[in-house]
Amino acid sequence: MDLDARTLDTLDWPAIAAAVAPLCRTLKGARTPLPLASERDDVLTAFRAVQEIAELADLEEVMPLGAISDLSADLARVGQGSTLELLDLHKCASTLVALEHVRVWLVDRAEQAPTLSDLAIPIDIDAELLDHFGDSFTDTGQLNEHRYPEIAELRRTIQGLHGRIRETLDRLVKGRELEGILQDRYVTQRADRYVLPIRAEARRKGLGIVHDTSGSGETVFVEPAEVVELNNKLRLAEGEERRAVARILAALSRLLARYSGPIQRSLNAAVRLDHAQARERLGRQWGGIVPEIGRGGVIDVQEARHPVLVLRELDVVPNDLCLDEVCRGLILSGPNTGGKTVALKTLGSFALLVRAGIPVPARSGRVDCFGTVLADIGDLQSVEGDLSTFSGHVLVLRELLARACSGSLILLDEIAVGTDPAQGGALARSVLETLVDRGARVAVTTHYTDLKAFAAADDRFRNAAVHLEDGKPSYQVRADAVGLSHAFTTARRLGLEPAVVDRAEGHLDASQREVGSLLEELELQRVAALKLRDELEESARRTRQKERELEARWEQIRGKSKVLAEREAGDALARLKAAEDEVRTIIATLQRNPTLQGAGKDLARVRGVMQDVAPVKPVAPTFEPPPRELDVGDRVRIVSLGKAALVTSKPKKGKVEVSIKGLKTRVKLNDLRLLDGTPVAAKKPKPPPPVRADEKVGSLRTERNTCDVRGKRVEEAIDALGVTLDRLVMQNESVCWVLHGHGTGALKTALRRWLKTADLVQSARPANVDEGGDAFTRVEL
């Protein structure tokens with residue numbers, strides 16, 4: 001049994017490898033299997049390469065690997081003494097140039113990407129080889145005539161002969177010598193020689209050499225005597241060119257064979273770079289992270305998702321999974337189809353992903369390098385091999401025990417299944433204890449009650465469970481929980497006849513049914529409690545987020561206020577400077593003409609200047625006075641105690657004596673409410689102070705304090721209104737007017753609903769008739 005290969009298959013590694021192949025940029029990279037490192041240092045190197053590629057990608061820089069071809073077959077042929085064809089050598093030349101380009105590209109970025117530069121060190125293309133191949137071919141794949149002048153000379157000779165032959169034949173076709181003999185007036189070729197189409201009856205007139213006959217027999221293709229010698233010279237020149245090309249191709253093939261070793265090493269280095277780039281792209285595709293990688297045999301991941309399910313674009317339920325120095329064994333229980341095996345496979349696939357240097361699809365976590373990953377998932381039952389289900393599992397367990405050691409990860413699905421539950425549970429416990437004693441990390445799925453109890457009693461093991469919600473799998477793994485099998489519930493959900501399930505339940509005795517019901521009820525309550533906890537945590541998270549947003553917004557407003565204050569201070573200084581200059585001018589004038597009448601006029605001017613620059617005193621906000629003072633005999637409620645009381649004396653110094661069921665005490669006035677709910681006055685109400693003229697002016701509607709949102713969509717209107725509110729608050733304005741018009745009423749309704757929740761708004765109401773009517777909304781800031 002090849003347990004390693006079976007482990008890769010059962011952990012869906014072929015599907016992951018198949019996802020990497022299309023992301024490679026070279027054919028050799030796509031064809032070469034991803035290596036699985038067994039040492040932590042190699043894993044760290046692989047992930048450093050991935051991180052450097054990600055950083056380069058953020059700068060929109062990509063390694064130039066696309067022009068590199070797989071030369072393995074070509075190198076094997078030249079190694080056997082064969083000469084490659086022109087197109088194959090041109091492919092080799094392009095690849096050699098591309099390899100050198102990659103090497104130089106990474107040398108230029110050695111400071112940004114030192115790991116990638118180290119991976120490119122084996123790329124070593126000899127200068128002589130690169131000179132010959134880099135200059136031997138044109139862009140179209142032909143031999144470069146500048147590199148090989150003898151080829152250029154032969155081609156010029158051939159081209160000249162072609163021209164002379166065509167010129168002679170064109171003269172014959174257009175002349176009168178062959179009138180009535182030519183079948184048609186065109187020039188063609190037969191057996192690489194130029195010929196003319198002649199009527200069949202003229203074939204014996206000695207016009208030249210017959211090379212072919214048409215299908216109908218009415219036309220013969222004759223090489224005229226005038227071009228026979230030219231055709232012979234052309235064929236000789238073409239033969240000479242072919243021999244010259246063959247000599248060049250043979251020389252290039254021998255040169256390639258001489259450097260086949262360094263070339264192969266260079267190609268292998270390019271494959272490693274290509275794999276690194278493909279691994280980074282796959283990790284980016286499924287939102288993966290580079291986990292922490294330690295030495296203690298730990299897998300502790302948060303919000304882990306099975307990679308193959310992510311590749312299938314399914315809505316994967318993430319799970320937190322942990323195996324570490326304390327929890328060396330994980331016992332997964334719960335109903336069938338509930339997600340136990342998926343959780344088991346997620347642990348195994350994460351261990352393989354880390355060994356391959358691929359970012360894992362999780363939010364965060366640590367995954368150490370496990371040099372050995374072995375899994376028994378599925379059934380080895382075989383009639384031909386004389387294996388039952390249990391026998392097959394025992395054979396796997398035998399090999400697992402032989403290979404278990406520190407740094408190994410063992411995954412077992414339904415351990416010791418297929419035999420008597422009591423004996424199978426005992427065997428399973430013994431196997432798990434032995435595996436953990438030998439230093440392995442173990443995760444198993446089971447329905448054995450004894451095994452769940454064992455995990456609860458042994459500190460080296462930890463229970464975890466999947467459960468049902470509303471009769472359906474949640475696929476959520478809960479730590480420190482024991483899962484029920486829910487055999488009857490699962491059977492009903494999967495469509496087994498209800499009468500059969502009911503009869504099965506009837507076969508249980510009363511105590512079994514009672515225990516099963518109690519356990520199911522307990523699990524439902526636990527699930528409900530966990531759900532409530534999650535909701536409370538989410539609510540707390542949203543509250544903290546809202547607090548951070550509000551704090552950031554107030555910081556922004558305070559910053560803007562500081563800028564405005566500095567601007568206003570500058571304006572005030574400018575006004576003071578101007579006022580000072582004007583007062584000096586008035587004094588100078590008075591000194592020149594000191595008359596009483598002039599002094600009176602100048603004094604009035606000075607007072608005017610001082611009034612212009614005098615600061616405006618802030619107006620204290622006004623509050624509605626309380627309704628009335630307390631009197632002896634009033635019935636009140638003490639807010640802090642929630643008790644009714646009777647007033648027994650007049651208020652004095654902010655307190656009043658009250659009686660609670662005969663017990664007298666003194667209470668602060670602001671802690672009392674009359675029984676009708678209204679607050680208590682601390683002293684006799686005073687009439688409100690008269691409203692100053694500048695206050696009245698401040699509440700009047702002007703263009704400065706009006707936000708016109710007519711014609712805007714709701715989102716645009718809210719954005720515009722938010723900007724206006726910010727501006728008015730920073731300018732110490734107290735009122736904002738919103739002009740939204742009537743229309744359908746949708747905009748007005750949406751804005752008024754939004755104003756109720758706006759941070760800067762104290763209140764908002766429709767405008768009165770004298771304020772503009774319902775087309776406006778008045779906002780108190």
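Residues numbered from 1 in each chain as written. Predicted model: local features only at pLDDT ≥ 70, side-chain atom pairs only at ≥ 80, totals over all residues. Heavy atoms only, no water.

A short note on the overall build of the protein chain
Helix and strand counts for the protein chain stand at 23 helices and 24 strands. By residue count, 40% of the 781 residues in the protein chain fall in the buried class. Long-range pairs, those at least 24 residues apart, make up 67% of the contacts in the protein chain with a sequence separation of at least 6. When the accessible area of the protein chain is evaluated, it comes to approximately 43,500 Å², of which 52% is carbon and sulfur surface. (Helix = DSSP H or I, 4+ residues; strand = E, 2+ residues; numbered from the N terminus. Buried < 20%, exposed > 50% of the residue type's maximum accessible area, 1.4 Å probe, protein only. Contact = heavy atoms within 4.5 Å. Areas by Shrake-Rupley, 256 points an atom, 1.4 Å probe, with all protein chains shown as cover.)

Topic: the sheet that holds strand β7 (residues 329-333)
Read across the open sheet, the six strands follow the order β9-β10-β11-β7-β12-β15; overall the sheet is mixed. In this open sheet, the two edge strands, each paired with only one partner strand, are β9 (372-376) and β15 (478-479). Across four bridges, β7 lies against strand β11 (residues 441-445) in parallel orientation. Its bridge partner lying in β11, Leu332 is registered against Thr445. Across the face of the sheet, helix α15 (residues 421-437) comes into contact with β7, β10 (408-412), β11 and β12 (461-465) while running at roughly 160° to β11. The strands touched by helix α16 (residues 449-457) are β7 and β12; relative to β12, the strand with the most contacts, the crossing angle is about 125°. (Pairing = 2+ DSSP bridges. Axes fitted to C-alpha atoms, helices over the stretch in contact; angles between N-to-C directions.)

Notes on the packing of aromatic side chains
Both the distance between ring centres and the angle between the ring planes are used here to describe each pair of aromatic rings. Per the stated rule, a full pass over the model turns up one aromatic pair. The ring of Phe221 carries Arg190 above its face, with NZ or CZ at 4.0 Å from the centroid. Its end group placed over the ring of Phe776, Arg701 keeps NZ or CZ at 4.0 Å from the ring centre. (Phe/Tyr/Trp six-rings, centres within 6.5 Å; stacked < 30°, edge-to-face > 60°. Lys NZ or Arg CZ within 6 Å of the ring centre and 35° of its normal.)

Thoughts on the pairing of strand β16 (residues 635-638)
Here β16 shows a clear split, with Val636 and Ile638 buried on one side and none of Arg635 and Arg637 buried on the other. For β16 and strand β17 (residues 643-647), the ladder comprises four bridges, and the chain directions are antiparallel. Residue pairing in the sheet places Ile638 in a bridge with Lys643 of β17. Taken together, β16 and the strand that follows it, β17, pair antiparallel across an intervening segment of four residues, in which Gly642 is found at a positive phi of about 70°.

Considerations on the side chain of Gln302
With respect to the helices, strands and loops of the structure, Gln302 is situated in strand β5 (residues 299-304). Side-chain polar atoms of Gln302 contact the side chain of Asp300, separated by 3.1 Å. For Gln302, the contacting residues outside a window of four places in its chain are Asn319, Asp320, Ala362, Arg363, Ser364 and Gly365. (Polar contact = N/O pair within 3.5 Å; in protein donor to acceptor, adjacent residues only side chain to side chain.)

Focus: the sheet that holds strand β21 (residues 706-708)
Read from one edge of the open sheet, four strands run β21-β22-β24-β23, paired in mixed fashion. Of all strands in the sheet, those bounded by a partner on one side alone are β21 and β23 (763-766). Averaged over all adjacent pairs, the angle separating strand axes in this sheet is 20°, with direction ignored. Pairing of β21 with strand β22 (residues 735-739) involves three bridges; the strand directions are parallel. Paired with Asp708 across the strands is Leu739, a residue of β22. Against the sheet, helix α22 (residues 714-730) touches β21, β22 and β24 (776-780), its axis set at about 160° to β22. Strands β22, β23 and β24 of the sheet are contacted by helix α23 (residues 746-755), whose axis makes an angle of about 5° with β24.

Topic: the pattern of salt bridges
Per the counting criterion, the structure on display carries 38 salt bridges. Where Glu153 meets Arg156, a salt bridge forms, and the shortest distance between an N and an O atom there is 2.8 Å. Of this pair, Glu153 and Arg156 are both found in helix α9 (residues 149-174), three residues apart, which corresponds to roughly one turn of the helix. Overall, Arg156 belongs to the partly exposed group, its relative accessible area being 48%. Between Asp631 and Lys650 there is a salt bridge, with its nearest N and O atoms 2.6 Å apart. Taken together, the positions of Asp631 in the loop between α20 (596-613) and β16 and Lys650 in the loop between β17 and β18 (655-660) put the pair 19 residues apart, joining distant regions of the chain. Exposure remark for Asp631: the relative accessible area of 36% places this residue in the partly exposed category. (Salt bridge = Lys/Arg side-chain N within 4 Å of Asp/Glu carboxyl O.)

Considering the side chain of Thr115
Mapped onto the fold, Thr115 is located in helix α7 (residues 114-119). Among the residues examined, Thr115 registers a relative accessible area of 8% and is labelled buried. If sequence neighbours within four positions are ignored, Thr115 has contacts with Thr45, Arg48, Ala49 and Glu52.

Let's talk about α15
Here α15 is 17 residues long and its end C-alpha atoms lie 24 Å apart, about the 24 Å a rise of 1.5 Å per residue gives. Within α15 the residues assigned to the buried category are Gly424, Gly425, Ala428, Val431, Leu432, Leu435 and Val436. For α15, the angular spread of buried residues about the axis comes to 130°, placing them on one side. Opposite the buried face of α15, at more than 90 degrees from it, the exposed residues are Gln423 and Asp437. In the segment just after α15, Gly439 is the residue with positive phi, at about 95°. (Expected span 1.5 Å × (residues − 1). Arc of directions from axis to C-beta.)

Quick notes on helix α13 (residues 340-356)
Taking 1.5 Å as the rise per residue, α13 with 17 residues should run 24 Å; its terminal C-alpha atoms sit 25 Å apart, in good agreement. α13 sits mainly inside the fold: 15 of its 17 residues count as buried. Positive phi appears at Gly357, one or two residues downstream of α13, with a value of about 80°.

Digging into the confidence of the model for the protein chain
Residue-level pLDDT values for the protein chain average 84, and 83% of them are 70 or greater. Counted against residues more than four places away or in other chains, residues 381-387, with its pLDDT under 50, gives seven contacts. Taken as a whole, residues 684-698 scores under 50 in pLDDT and shows 16 contacts with residues more than four places along the chain or in a different chain. (pLDDT = per-residue confidence, 0-100.)

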